[in-house]
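# Residue-level structure breakdown
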Amino acid sequence: HRTEPEVIAKTKELSEGQSLRSMGARISAESTGLQQPKAKPTAKAAPAAKTTPNVTAGAVEQAASIAEWTAEQQKCLEAALQTHPASLDKNERWRLIAEDVPGKTKGQCVERFKYLREQVAKQQKKG
């Protein structure tokens, strides 16, 4: 599993149009095989608690599904995003992307992409 900062850096690189392969190789080289466990995102739970219980349950479920991506699935998603251009029909593009990501649905791929995009936006605001 990749750490959240690694995923954010990767997504930021993707949005800047840099090479996926070079970033993947760098992350692989930096990885020693002993990954630190991901911290559970607690900040997201607080705003949801002020809303209806259904929204809170949805937010918790979404956070859980986001955390359940293996490094291999993340790599496949990144490769598929590069392989299938945004110029395709959105539904067709995401269907093709999901076919390239083992064990994930179209909806899960879209949610992961949105989550990563949000993380990049937060990083850009900080820096």
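Residues numbered from 1 in each chain as written. Predicted model: local features only at pLDDT ≥ 70, side-chain atom pairs only at ≥ 80, totals over all residues. Heavy atoms only, no water.

### A few points about the packing of helix H6 (residues 90-100) against helix H7 (residues 106-126)
For the pair H6 and H7, the least separation of the axes is 8 Å and the interaxial angle reads 100°. By the angle between their directions, the pair H6 and H7 is classed as roughly perpendicular. Between H6 and H7, the contacting residues are Asn 91, Trp 94, Arg 95, Ile 97 and Ala 98 on the first element and Lys 106, Cys 109, Val 110 and Phe 113 on the second. Of the residues in the contact of H6 with H7, the class split is 6 nonpolar, 1 polar and 2 charged. (Axes fitted to C-alpha atoms, helices over the stretch in contact; angles between N-to-C directions. Helix = DSSP H or I, 4+ residues; strand = E, 2+ residues; numbered from the N terminus. Parallel < 35°, antiparallel > 145°, perpendicular 65-115°, else oblique. Contact = heavy atoms within 4.5 Å. Nonpolar A, V, L, I, M, F, W, Y, C, P; charged D, E, K, R; others polar.)

### Points about the packing of helix H5 (residues 71-83) against H7
Two numbers describe how H5 lies on H7: the axes approach to 11 Å, and their chain directions differ by 85°. As judged from the angle between their axes, H5 and H7 are roughly perpendicular. Counted together, Gln 74, Leu 77 and Leu 81 of H5 and Cys 109, Arg 112, Phe 113 and Leu 116 of H7 form the full contact between these two elements. Grouping the constituent residues of the contact of H5 with H7 by class yields 5 nonpolar, 1 polar and 1 charged.

### A closer look at the confidence of the model for the protein
Summing up the model confidence of the protein, the mean pLDDT is 72 and the portion of residues at 70 or higher is 54%. By mean pLDDT, the top-scoring element of the protein is H6 (97), and the lowest-scoring one is helix H3 (residues 45-49) (41). Confidence drops under pLDDT 50 across residues 18-53; counting only partners more than four residues distant or on other chains, this segment forms 37 contacts. (pLDDT = per-residue confidence, 0-100.)

### Topic: the pattern of salt bridges
All chains considered together, the criterion is met by 3 salt bridges. We note a salt bridge from Arg 95 to Glu 99, for which the minimum N-O separation is 2.4 Å. Separated by 4 residues within a single helix, Arg 95 and Glu 99 lie in helix H6, roughly one turn from each other. Close ionic contact of Glu 118 with Lys 122 constitutes a salt bridge, the shortest N to O distance being 3.5 Å. Of this pair, Glu 118 and Lys 122 both sit in helix H7, 4 residues apart, which is roughly one turn of that helix. A relative accessible area of 38% places Lys 122 in the partly exposed class. Each of Glu 92, Arg 95 and Glu 99 takes part in salt bridges that share partners, so that together they form one network. (Salt bridge = Lys/Arg side-chain N within 4 Å of Asp/Glu carboxyl O. Buried < 20%, exposed > 50% of the residue type's maximum accessible area, 1.4 Å probe, protein only.)

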